[in-house]
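What follows is the residue order along each chain.
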Amino acid sequence: MRRDLIIGMAGSGGDGIVSAGESLTAACATEGYHAMMTKSFGSQIRGGESSCRVRLAIDPVLNPGGALDVAVALNWEDFLKFGAELPVGGNTVVIYDSATGVPTDKLPLTGVVPDEVFAVPIGEMARKSAGTDKAKNTIVLGLLSGWFGIVREGVMKGLRKKLAKKGPELLAANERAFQAGIEYAAAHPLRTSRLMEKPEKPGVKLLTDGNDICAAAAVFSGCQFFGGYPITPSTEVMQFLTREIWKYGGAVLQAEDEIAGVGAALGASFAGKKSMTATSGPGMSLKTEVIGLASIAELPLVIVNVQRGGPSTGMPTKSEQSDLFQAVYSAHGDVVRPVLAPTSVSDTFDVTVEAFNLAEKYQTPVIVLSDQEIAQRKEVIDPIDTSRFQVIDRLRPTAAELEAGYDRFKLTDSGISPISHPGMKGGNYLGAGIEHTEHGEPTASGAMHARMTEKRFRKFDPLRERKDLFRIEGDADAPLALIAWGSIAGVCREALALARAERLRVKLLVPYLLYPIAEGVYRRFFESVKAGLVVEQSHQGHLYRILRTQLDLPKGLRPFCRTGANPFRPSEVVDTLRDAVLEMQRRVEDTQQPQE
Amino acid sequence: MTSLPTFTAKDFKSDLKPIWCPGCGDFGVLQAMYRALAAIGRPSHEIAFISGIGCSSRIPGYTTAYGFNSVHGRALPIAQGIKLARPDLLVLAAGGDGDGFSIGGGHVPHAIRRNADLTYIVMDNQIYGLTKGQLSPTSAKGRKTVTSSYGSLESAVNPLLYVLAYGAPFVAQGTPADMAGLAAIIEEAIRYPGFAFVNVQSPCVTYGEEEQQVKAQKANMKSLASLKHDPTNLLAALDLARAYGTELYTGVFYKNPQPPSTMDGLVRERQNQLALNALPREKILDLFVQK
């Protein structure tokens, strides 16, 4: 029995292939499977080709995976447009509409002979069972359900829910189509059974994506203001909050531009409310000046950057990890802002809550570097116990402090000064982008600038000790290492398991805190490391280069990078790691050669 | 029954000494602000006063309100964020003509259409003073400055027409040459329930021209009241506003007698309507439970 199944489907816009993927994913949730669904479209808003990948499993799904176990092509032309995203391998079961006229031994797949191939009269079955071509996607669901023993109940439940309002006839037609698919599969069994295991206990599952759960985490953290501007692939954060935030006394401002969005958010923070903005790379560039203001005015603010391929418009619907330099270095002036990155839909919740906590605690802008992959893929995940999270609020001056003569930017040991807000009597101060004294008066004194700059750095010192903002897995004293952040961390977690199954002695470091660099955490991790890879989805390998500027890296640690929209597969990470081992061994041999 | 606290102008004066040049028009604006705020009678800690960057944008620091001297051109977005987050506060925004009509010009129409209940005071001196005398968006065509050695090739923005055209419900102009009048205008603007715009012809003594100075203004200014202008007449207001740059009218150009709804008011309403449907915060993830 299988514990993991990767299904890829493609069709033209009207085929409802993405809708089928969504039904399948939702059905996984109701039946207790874990699942991950990624979508991919042509550039048209309507019509054109569309595809999706659904990976379902008994255990949590870490990444979309590599080659497909099942490939579904409603027509080959559209399917082939998604070559890299829907790779067919030697173990793949290929299912396609026989109406394409392609013989099963003449598939347009260069260099690959799939394990099993089914030309199914999908369109004809749809018309026969449901009276319409539109039921092709339901036929596909029936075929998948029949051949792989999955989500029969869940799909039926989903159909009933989805079509409840559309009348009994449409529901009955879809039920017939689904049944027709199941019966076809029963009549044409797979040569090798690929039945999925059933989840042990169904239990409750959540179905969501990175952007929605990020916004939910904001609500959970007490965020009461969002200012932003629509930009792919971050807009769903604003959309979610537009539905929910009012219920909690909050407001959303869809601003006239990116600058006004972050400006309004900063204003709300000045007024004493937790606030956030979300954007993508180009928007981040526009917001940079106001983020500098937040740093010097020491105002809490959460800025989410859902990375996409860049620069400029780049590839708005494709993932890339190429905004880390921007997050770390784009500030004008001498300043540091914490940068955090989630690695999955589920931990986007943790990271966003942490971002609000850091922003409040250190009175600072905090950048959450999500990426398109995490932000827009749907995942079926285990429920999150919100009682394990502490929610931190900014340190306010006490009544006694306000009466004694309040200094907004008081130079304290921790570097954190109690912060007042309008409405607090005696807390009146001048917030400003200009350098200021402890009391908040503008100053041009070099000595005061030095003290205030030092204060704005010092307050982050404890952050460098936050081991809990890193995940370390594998053998503690392993000589081989993987380092990965963002969505690529999920690929590397699976790669780690594959490598260890091959008896490679390897460990993995995943930073949720990307900046400031927690030097101690890296140093301790590097102690046993002789070789390894920093795996990143960018041309330059931003994290690798930042680490090199701040730390002595093990000699055999090297970047494994590629630009966005080119997914990494766990198996190739292991292959590359093996190369790194060979390289290291050659180096050892070289040094052991007797000198002539 | 306790009586409401009363305030004098002094209550709004901070300890900071203005850095403005002696004779700067902004001193007069500041005095008028003190008087207006005393007349309004809100305690200083309930006032948020936001500015951008420029000589005039220093003004919040010279008051006892919660001030925010932010970045160039962004006073209005920040002020709106404050008002939407905290409708209970009295929110003021201020800045120069460059701040409001050049770098921040794109924010003005949107602030007007949202109509948050705040007051925006532009200290219009037709020059960039803080950077030492460059062309501003309200500099007259042909004017020679350090960035227009042979005379400006561009027409000036007309701030009054600009905001009237976008539908601002309260539009007025004043000058420190008439302090009492300016204080009254600012007070009326603050009391107006919606986006209120006051253009103050506040002369730059260092880089301004002779005919822009207070002395010349005193000779030239004409109050709209003396012209028997009806401030509820939008077309008459638009007609008078066309004289920006040639005539110095003071007083209220336009005051919508039926104040449109404010965004901060609508935000409150929506919050109240929807609060009943809220899951407890810690249950927010229940929205994603797949049943």
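Residues numbered from 1 in each chain as written. Chains lettered and ligands numbered in written order. Predicted model: local features only at pLDDT ≥ 70, side-chain atom pairs only at ≥ 80, totals over all residues.

1. Details of the overall build of chain A
Summing up its helical and strand segments, chain A has 19 helices and 21 strands in all. Taking 25 Å as the expected radius of gyration for a compact globule of 596 residues, we find that chain A reaches 27 Å, a close match to that expectation. If one aligns the C-alpha atoms of chain A with their principal axes, the spans along those axes are about 85 × 85 × 45 Å. Taking all 596 residues of chain A together, the buried fraction comes to 55%. Taking as baseline every contact in chain A between residues at least 6 positions apart, the subset at least 24 positions apart corresponds to 75%. (Helix = DSSP H or I, 4+ residues; strand = E, 2+ residues; numbered from the N terminus. Rg over C-alpha atoms; globule rule 2.2 N^0.38 Å. Buried ≥ 20, exposed ≤ 12 C-beta atoms within 10 Å, placed from the backbone. Contact = placed C-beta atoms within 7 Å.)

2. Structural notes on the overall build of chain B
Per the secondary structure count, chain B includes nine helices and eight strands. In terms of overall dimensions, chain B is globule-like: its C-alpha atoms have a radius of gyration of 20 Å, near the 19 Å expected for 291 residues. Projected onto the principal axes, the alpha-carbon positions of chain B cover approximately 75 × 50 × 40 Å. Scored against the burial criterion, the 291 residues of chain B give a buried share of 54%. Residue pairs in contact within chain B that sit at least 24 positions apart in sequence constitute 70% of those at least 6 positions apart.

3. Some points on the nonpolar core
Membership of the largest hydrophobic core comes to 259 residues, with the highest contact counts inside it found for Leu482 and Cys492 of chain A together with Ala48, Ile82, Val171 and Ile186 of chain B. No other element matches the nine residues that helix α12 (residues 345-362) of chain A contributes to this core. Counting residues in each nonpolar core, the second largest holds seven residues, with Trp20, Cys55, Ile127 and Cys204 of chain B among its members. (Core = buried A, V, L, I, M, F, W, Y, C linked by C-beta atoms within 7 Å.)

4. Quick look at the sheet that holds strand β21 (residues 556-561) of chain A
Residue and element names in this part refer to chain A. Spatially, five strands are ordered β16-β18-β17-β20-β21 in an open sheet, and the strand pairing comes out mixed. The sheet terminates laterally at β16 (470-474) and β21, the two strands that pair on one side only. Neighbouring strand axes in the sheet, compared pairwise and without regard to direction, differ in orientation by 20° on average. Against the sheet, helix α18 (residues 542-550) engages β20 (531-536) and β21, with an angle of about 130° to β20. (Pairing = 2+ DSSP bridges. Axes fitted to C-alpha atoms, helices over the stretch in contact; angles between N-to-C directions.)

5. Thoughts on the sheet that holds strand β3 (residues 90-96) of chain B
The mixed open sheet is built from nine strands, whose spatial order is β15(A)-β2(B)-β1(B)-β3(B)-β4(B)-β6(B)-β5(B)-β8(B)-β7(B). Two strands bound the open sheet, and with one partner strand each, they are β15 (430-432) of chain A together with β7 (222-223) of chain B. Bridge count for β3 of chain B against strand β4 (residues 119-124) of chain B is five bridges, and the pairing is parallel. Looking across to β4 of chain B, one finds that Ala93 of chain B is bridged to Tyr120 of chain B.

6. Notes on the interface of chain A and chain B
Listed per partner, the contact involves 56 residues of chain A and 45 residues of chain B. Looking at the side of chain A that touches chain B element by element, the count peaks at nine residues for helix α9 (residues 258-270) of chain A. In this sheet, strand β2 (residues 66-69) of chain B lies alongside β15 of chain A in parallel orientation, the contact comprising three bridges. Bridge pairing in β2 of chain B places Ala432 of chain A opposite Asn69 of chain B.

7. Topic: the packing of helix α1 (residues 17-31) of chain A against helix α4 (residues 136-148) of chain A
All names here are of chain A. Running from amino to carboxyl end, α1 crosses α4 at an angle of 40°, the nearest separation of the two axes being 9 Å. On the basis of the axis angle, α1 is oblique to α4. Viewed along their axes, α1 and α4 form a crossing whose handedness is right-handed. Only Asn137, Val140, Leu141 and Leu144 of α4 make contact with α1, whose side of the interface consists of Ile17, Ser19, Ala20, Ser23 and Leu24. Of the residues belonging to the contact of α1 with α4, the class tally is six nonpolar, three polar and no charged. (Parallel < 35°, antiparallel > 145°, perpendicular 65-115°, else oblique. Left-handed = near helix turned anticlockwise from the far one by under 90°. Nonpolar A, V, L, I, M, F, W, Y, C, P; charged D, E, K, R; others polar.)

8. Comments concerning helix α6 (residues 179-191) of chain B
Count 3.6 residues to each turn of an α-helix, and residues three or four apart come out pointing the same way. For α6 of chain B, with 13 residues, the first-to-last C-alpha span of 18 Å sits near the 18 Å given by 1.5 Å per residue. Residues Leu182, Ala183, Ile185, Ile186, Glu188, Ala189 and Ile190 of chain B constitute the buried set of α6 of chain B. (Expected span 1.5 Å × (residues − 1).)

9. Things to note about the pairing of β21 of chain A
Residues and elements named next belong to chain A. As judged from the six bridges shared by β20 and β21, these two strands associate in the parallel manner. The residue bridging Val534 from the neighbouring strand is Pro559, located in β21. In this fold, the crossover linking β20 to β21 by way of α18 has right-handed handedness. (Right-handed = clockwise from strand over helix to strand, strands pointing away.)

10. What to know about the environment of Leu86 of chain A
Locating Leu86 of chain A in the fold gives a position in the loop between α2 (76-80) and β5 (88-97). Counting along the chain gives 16 residues from Leu86 of chain A to Val70 of chain A, while the straight-line C-alpha distance between them is 9.7 Å.

11. Brief notes about the packing of helix α16 (residues 488-501) of chain A against helix α19 (residues 570-592) of chain A
All names here are of chain A. For the pair α16 and α19, the least separation of the axes is 8 Å and the interaxial angle reads 60°. Accordingly, the angle class assigned to the pair α16 and α19 is oblique. Crossing geometry of α16 relative to α19 is assigned as right-handed. On α19, the residues touching Val491, Cys492, Glu494, Ala495, Leu498 and Ala499 of α16 are Pro570, Ser571, Val573, Val574 and Leu577. Along the lines of polarity and charge, the residues of the contact of α16 with α19 split into nine nonpolar, one polar and one charged.

12. What to know about α9 of chain A
All names here are of chain A. Given a rise of 1.5 Å per residue, 13 residues ought to cover 18 Å, and the 18 Å separating the end C-alpha atoms of α9 matches this to within 8%. Judged by how many residues are buried, α9 sits mostly within the fold: 13 of 13 residues are covered. Remark: Gly272 follows α9 within two positions and exhibits a positive phi of approximately 105°.

13. Topic: the confidence of the model for chain B
Summing up the model confidence of chain B, the mean pLDDT is 97 and the portion of residues at 70 or higher is 98%. Reported confidences for the modelled complex are a pTM of 0.97 and an ipTM of 0.97. (pLDDT = per-residue confidence, 0-100.)

14. A short note on the environment of Leu160 of chain B
Residues and elements named next belong to chain B. Here Leu160 is to be found in helix α5 (residues 159-165). Distance in space between the C-alpha atoms of Leu160 and Asn199 is 7.4 Å, their sequence separation being 39 residues. Setting aside anything within four residues of it in sequence, one finds Leu160 in contact with Val171, Gln173, Asn199, Ala241, Tyr244 and Phe253.

15. Some points on unusual backbone geometry
All names here are of chain A. Here the amide bond leading from Thr232 into Pro233 is cis, since omega sits at 5°, within 30 degrees of zero. Residue position: Pro233 is located in the loop between β8 (223-228) and α8 (235-244). With omega at 0°, the peptide bond leading from Tyr515 into Pro516 counts as cis. By secondary structure assignment, the location of Pro516 is in the loop between β19 (513-515) and α17 (519-526).

16. Side note on the pairing of β8 of chain A
All names here are of chain A. In terms of burial, β8 is a largely internal element, six of the six residues being buried. Where β8 lies against strand β10 (residues 274-279), three bridges are found, and the strand directions are parallel. Counterpart to Phe225 in the pairing with β10 is Ser275. Note: β8 against strand β9 (residues 251-254), four bridges, orientation parallel. In the sheet register, Gly228 faces β9, and the bridge partner there is Gln254. Chirality of the crossover, the property in question, places the unit of β8, α8 and β9 among those that are right-handed.

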